[in-house]
Amino acid sequence: MKNIFRIIAIALIGTFSCESFLEEENVPVATAQYLGTAAGYRDALTGAYSTLRTFYAGGEDGPSLTVFGTDEYTEGSDGGRKYLNRYDASLNPSAVDLLTVWQNIYRGINSTNIVIGRADEITGLDQSEIDGYVAEARFLRANYYFILVQLFGAVTISEEETAGAIVEAQRSSVTDVYNLIVSDLDLAVNNLPDIQSDYGRATKFAALHLRAKVHLTRATMDAGATANTEYTAALNDAETVITSGQFALLDDFASVFDQSGEVHNEVIWSIQYSQDELFGGGNSLHLYYLMQYDNQPGMLRDTENGRPFKRFAPTSYAANVFDKSIDSRYDKSFKTVFYCNRPGTYQITNELQDISVTLEEGDTAIWLPGYELDAAELATKQFQVLSPSRYTNRLYPTLTKFLDPNRPSVQHGAGSRDFIYMRLADTYLISAEANMMLGNMDEAVDRVNAVRRRAAFDGMEDAMEITTTDLDIDFILDERTRELLGEFHRWFDLVRTGKLLERVGLHNPDGSSNIQDYHVLRPIPQAQIDLTRNANGESYGQNTGY
């Protein structure tokens, strides 16, 4: 799949006519004749995949819209999208970042429509191959629309390839959008293979996982849905994936994010990246969750510790939701020690204690214990101690899941790590949530405990288990933080469960004073409203509150 992506990055990305209703001129380079060939049709499908990167770690759009403005992450010192965390007046229809996401997602949708709509014209491919490509395109289209409906609510449905300026458009109901998503995924589940020969292409189980998440979300977010029906469908799909025998939770939580072995049994589907510069950009997620370690005593910037853009700082909730005595996920999610790579003698301050230390290469330079030290313990530390009371918007626990030490230089922004979009631990927690909402508490606890036992320190497995009296939606959300922190789920999770305002109010001081009920949706981009009308000449319409 990575080799295929390289071809499309060179030849086709950005050349198709766009679904974006804002395009005034399109000059397609990929001709209709080429798209009718086997090679052209394959490249069109790869183009439909490539747009995934615009949201999933190819830039700041995905993380800014999904981890910012939640109970898990608030503002680091740098970056220009703080309105998404503060819910202030800059979160408005003119926000350029929202327009970019809108345009990119509709470009991806149009690429899928090319594949779907031209299926009857293709020569040089067996019908079974064509049917498989259409199923992949339907899967991708469902994912793109799922992003849109969660962010913006009622949006325009387009199932046809478009070319040229589009000045007439109307919003379809949320129910209709979900109907299209489920229809696309039904076809994908029935026609995709269990395993693809090209790793990274959609499979039946990726479609099942996505459909489970769609049903789980639809239960609360679509007024036309019947909740129990949706929870039952979500449960059935999640259990099909879990019991398929195709996947397994890894024994060690840290191994899930080991870059040297990122193709493993827990991954259901991931977005592909490569070290090849012709790939068309890289995974930049390694930049955003890092503290500013590189100006601290004994430290300078290196590839192992990363290039700190300081975009997202964990909230106190995110740093303390772990029981650090039994749950290994805190230590395996955050960097707790920085080792000296700039030897010398330094004056450092530990709480109220100023000391002079001489650090050699490899000595501990910074320690983040995750708790407050008493004076006696602190006095034994001949290095900088950053306890929670000393966290700032520059100094805080660094999330390690996305670090990319394989980059060729300390300044290099284009990472090569795959973005794991779907993994089995999430499927277990989807099953747990659906079971709980259906009243199947024992089954829900079993699924949660499977995830928690894997996360336990050796010998602490029994202590990590919960009972039915422990389980409610807040526990589910806490467990999703412990397991999935930073993985682009949180804003969606909080909106789905009706907990966004409550949790931001409790745990995100930068967002709590401004957040309102209407912030469960993002504003429709003003450019979309300005340039289109519906068939009756009426305005495209804006979400309430904006």
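Just so it is clear, the structure is predicted and the values come from calculations on it, not from any experiment.

**A look at the pattern of salt bridges**
Then, in step 1: If you walk through the whole model with that rule in mind, you get 44 salt bridges.
Then, in step 2: Among the ionic pairs, R503 bridges to D71, the shortest N-O distance being 3.3 Å. Of the two residues, R503 sits in helix α20 (residues 500-507) while D71 sits in the loop between α5 (61-66) and β1 (73-75), which places them 432 residues apart along the sequence.
Then, in step 3: R503 sits in the buried class, given a relative accessible area of 4%.
Then, in step 4: Classification of D71 by relative accessible area gives buried; the value is 0%.
Then, in step 5: Between D478 and R503 there is a salt bridge, and its shortest N-O distance comes to 3.0 Å. On the criterion of sequence distance, the pair formed by D478 in helix α18 (residues 473-484) and R503 in helix α20 is long-range, its members being 25 residues apart.

**Remarks on the pairing of strand β7 (residues 353-359)**
Then, in step 1: Bridge count between strand β6 (residues 344-350) and β7: 7 bridges; the pairing is antiparallel. Pairing of Q347 across the sheet is with S356, part of β7.
Then, in step 2: What sits between β6 and β7 in their antiparallel hairpin is a turn of 2 residues, with E351 showing a positive phi close to 55°.

**Overview of the packing of helix α11 (residues 227-242) against helix α15 (residues 424-437)**
Then, in step 1: Remark: α11 packs on α15, axes separated minimally by 8 Å, with the N-to-C direction vectors making an angle of 145°. The way α11 lies across α15 gives a crossing that is left-handed. Counted together, N228, Y231, A234, L235, A238, E239, V241 and I242 of α11 and L424, T427, Y428, I430, S431, A434, N435 and M437 of α15 form the full contact between these two elements.
Then, in step 2: Here the residues of the contact of α11 with α15 are counted per class, giving 11 nonpolar, 4 polar and 1 charged.

**With respect to the confidence of the model for the chain**
Then, in step 1: On average, residues of the chain carry a pLDDT of 93, and 94% of them reach 70 or more.
Then, in step 2: The lowest-confidence element of the chain is helix α1 (residues 2-11), averaging 38 in pLDDT; the highest-confidence one is α15, averaging 99.
Then, in step 3: Across residues 3-29, confidence stays below pLDDT 50; counting only partners more than four residues off in sequence or on other chains, it has 73 contacts.

**A short note on the side chain of K335**
Then, in step 1: Here K335 shows up in strand β4 (residues 334-335).
Then, in step 2: In this structure the side chain of K335 is engaged in a polar contact, spanning 3.3 Å, whose partner is the side chain of N305.
Then, in step 3: What K335 contacts, discounting residues up to four positions off in sequence, is N305, L368, T398, T400 and L403.

**Observations regarding the packing of aromatic side chains**
Then, in step 1: Here the structure, examined in full by the defined rule, presents 29 aromatic pairs.
Then, in step 2: Seen in terms of ring centroids, Y41 and Y133 are 5.9 Å apart; in terms of plane orientation they differ by 45°. Their pairing is tilted. In this pair, Y41 sits in helix α3 (residues 38-50) while Y133 sits in helix α8 (residues 127-152), placing the two residues 92 residues apart along the sequence. Accessibility classification places Y41 together with Y133 in one group, the buried group.
Then, in step 3: Put simply, the rings of F55, Y56, F139, W269, F419, Y421 and F488 pair up and form one aromatic cluster.
Then, in step 4: Of note, R53 hangs over the ring of Y273, and the distance from its end group to the ring centre comes to 5.2 Å.
Then, in step 5: Note that K324 overlies the ring of Y330, its terminal NZ or CZ placed 4.6 Å from the centroid.

**What to know about the packing of helix α7 (residues 96-117) against α8**
Then, in step 1: One way to put it is that α7 packs onto α8 with a least axis distance of 9 Å and a crossing angle of 155°. Between α7 and α8, the crossing angle belongs to the class labelled roughly antiparallel. Considering the relative orientation of α7 and α8, their crossing is left-handed. Along the contact surface, α7 presents L98, V101, W102, I105, Y106, G108, I109, T112, N113, V115 and I116, while α8 presents Y133, V134, A137, R138, L140, R141, Y144, Y145, I147, L148, L151 and F152.
Then, in step 2: In the contact of α7 with α8, the residues fall into 18 nonpolar, 3 polar and 2 charged.

**Digging into the sheet that holds strand β8 (residues 364-367)**
Then, in step 1: What the 3 strands build is an open sheet, ordered β5-β8-β9; its pairing is mixed. Bordering the open sheet on either side are β5 (337-339) and β9 (384-385), each of which pairs with just one other strand.
Then, in step 2: Direction of pairing for β5 relative to β8: antiparallel, over a ladder of 3 bridges. Residue pairing for β8: Y339 is matched across the bridge by T364.

**Considerations on the nonpolar core**
Across soluble globular proteins, nonpolar side chains have a tendency to be buried as a group.
Then, in step 1: Core analysis: the largest hydrophobic core is formed by 118 residues, its most contacted members being F139, I181, W269 and Y289.
Then, in step 2: A total of 16 residues in this core trace back to one element, the largest contributor, which is α8.
Then, in step 3: Those residues in contact with F139, other than ones at most four positions away along the chain, are L185, A188, L192, A202, A206, A207, L210, W269 and M422.

**Observations concerning the environment of D251**
Then, in step 1: With respect to the helices and strands, the residue D251 is situated in the loop between α11 and β2 (267-271).
Then, in step 2: The sequence separation of D251 and R454 amounts to 203 residues, and the corresponding C-alpha distance is 6.1 Å.

**Some thoughts on α18**
Then, in step 1: Over its 12 residues, α18 extends 16 Å from the first C-alpha to the last, a length consistent with the 16 Å expected when each residue adds 1.5 Å.
Then, in step 2: Taken across its 12 residues, α18 has 11 buried, putting it largely inside the fold.
Then, in step 3: With a side-chain oxygen lying 3.1 Å from the backbone nitrogen of D474, the N-terminal cap of α18 falls on D472.
Then, in step 4: Phi for G486, located one or two positions after α18, is positive at around 80°.

Conventions adopted
- Residues numbered from 1 in each chain as written.
- Predicted model: local features only at pLDDT ≥ 70, side-chain atom pairs only at ≥ 80, totals over all residues.
- Heavy atoms only, no water.
- Salt bridge = Lys/Arg side-chain N within 4 Å of Asp/Glu carboxyl O.
- Helix = DSSP H or I, 4+ residues; strand = E, 2+ residues; numbered from the N terminus.
- Buried < 20%, exposed > 50% of the residue type's maximum accessible area, 1.4 Å probe, protein only.
- Pairing = 2+ DSSP bridges.
- Axes fitted to C-alpha atoms, helices over the stretch in contact; angles between N-to-C directions.
- Left-handed = near helix turned anticlockwise from the far one by under 90°.
- Contact = heavy atoms within 4.5 Å.
- Nonpolar A, V, L, I, M, F, W, Y, C, P; charged D, E, K, R; others polar.
- pLDDT = per-residue confidence, 0-100.
- Polar contact = N/O pair within 3.5 Å; in protein donor to acceptor, adjacent residues only side chain to side chain.
- Phe/Tyr/Trp six-rings, centres within 6.5 Å; stacked < 30°, edge-to-face > 60°.
- Lys NZ or Arg CZ within 6 Å of the ring centre and 35° of its normal.
- Parallel < 35°, antiparallel > 145°, perpendicular 65-115°, else oblique.
- Core = buried A, V, L, I, M, F, W, Y, C linked by side-chain atoms within 4.5 Å.
- Expected span 1.5 Å × (residues − 1).

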